[in-house]
Amino acid sequence: AQSVTQLGSHVSVSEGALVLLRCNYSSSVPPYLFWYVQYPNQGLQLLLKYTSAATLVKGINGFEAEFKKSETSFHLTKPSAHMSDAAEYFCAVRGYSSASKIIFGSGTRLSIRP
Amino acid sequence: GAGVSQSPSNKVTEKGKDVELRCDPISGHTALYWYRQSLGQGLEFLIYFQGNSAPDKSGLPSDRFSAERTGGSVSTLTIQRTQQEDSAVYLCASSLEGGQQNTEAFFGQGTRLTVV
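Residues numbered from 1 in each chain as written. Chains lettered and ligands numbered in written order. Predicted model: local features only at pLDDT ≥ 70, side-chain atom pairs only at ≥ 80, totals over all residues. Heavy atoms only, no water.

A. Geometry of the side chain of Gln6 of chain A. Residues and elements named next belong to chain A. Relative to the helices and strands, Gln6 is located in strand S1 (residues 3-7). When its relative accessible area of 7% is taken as the criterion, Gln6 is described as buried. Only 3.0 Å separates the side chain of Gln6 from the backbone oxygen of Tyr89, close enough to count as a polar contact. Among the polar contacts listed, one links the side chain of Gln6 to the backbone nitrogen of Cys91, at a separation of 3.0 Å. For Gln6, the contacting residues outside a window of four places in its chain are Arg22, Trp35, Tyr89, Phe90, Cys91, Gly105, Ser106, Gly107 and Thr108. (Helix = DSSP H or I, 4+ residues; strand = E, 2+ residues; numbered from the N terminus. Buried < 20%, exposed > 50% of the residue type's maximum accessible area, 1.4 Å probe, protein only. Polar contact = N/O pair within 3.5 Å; in protein donor to acceptor, adjacent residues only side chain to side chain. Contact = heavy atoms within 4.5 Å.)

B. A look at the side chain of His75 of chain A. Residue and element names in this part refer to chain A. When you line up the elements, His75 lands in strand S8 (residues 73-78). By relative accessible area, His75 is classed as buried at 18%. Engagement of the side chain of His75 in a polar contact is seen with the backbone nitrogen of Cys23, the distance being 2.9 Å. Setting aside anything within four residues of it in sequence, one finds His75 in contact with Leu20, Leu21, Arg22, Cys23, Asn24, Trp35, Glu64, Ala65 and Glu66.

C. Representation of the interface of chain B and chain A. Listed as interface residues are 26 residues of chain B and, on the opposing side, 23 residues of chain A. Between chain B and chain A the total buried area reaches about 1,800 Å² when both faces are included, carbon and sulfur atoms providing 51% of it. Connecting chain B to chain A are two salt bridges. Between Asp56 of chain B and Lys101 of chain A there is a salt bridge, with its nearest N and O atoms 2.8 Å apart. Across the contact surface, chain B and chain A share nine residue pairs in polar contact (both at pLDDT 80 or more). Breaking the side of chain B that touches chain A down by element, the ones donating at least two residues are strand S4 (31-37), strand S5 (43-50) and strand S8 (88-95) of chain B. (Buried area = accessible area lost by both parts, 1.4 Å probe. Salt bridge = Lys/Arg side-chain N within 4 Å of Asp/Glu carboxyl O.)

Spelled out as structure tokens, the structure:
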């Protein structure tokens with residue numbers, strides 16, 4: 001069964017600093033991978049997704065993630081944090097078959113220090 | 001519709017009462033999910049409907065929880081004899097059929113359930 005592990009329930013960075021949110025997946029074959037963001041008091045929205053077309057995926061708001069099969073990782077990065085990036089971030093995995101559901105990680109809360 | 005619609009947006013109920021939560025997915029989406037998000041917690045998978053296949057109910061926490069999807073579209077999540085620990089935001093999402101490139105889930109705004 002597929003699963004994802006997000007390392008660090010809370011990450012705090014200074015404004016302008018690099019953002020790195022970690023996600024490792026468990027799957028017998030490379031799956032579909034997603035990062036979602038949930039801003040305070042808002043619904044979940046898709047940041048970016050990996051569908052095997054390219055290992056480096058660019059998303060909205062300057063975020064990107066790199067799929068590394070050898071490390072079974074899909075870490076999310078942003079070169080320079082902005083105050084508006086403060087939110088909860090969720091990594092998710094889905095297999096290729098139509099019977100495969102989307103499973104979410106436990107989430108990482110990102111705080112930005114002025 | 002343009003997006004996933006959930007109703008009600010808020011529900012306060014007394015302990016022991018039954019509640020029904022509704023989800024109207026994006027038109028044409030064959031997959032529908034229910035998740036639960038408790039305060040400060042991640043997304044807990046509850047149930048997954050995919051086309052005409054038998055639903056994946058592996059995430060339902062107890063037999064007080066059930067869900068149905070009528071006509072491959074609207075879904076209702078029912079919680080019987082509600083308990084205080086059922087208080088959470090219940091999220092519905094829909095997506096195209098698995099195995100395709102455009103396979104991400106689109107979420108509704110959720111129903112905030114409070115059991116008093």
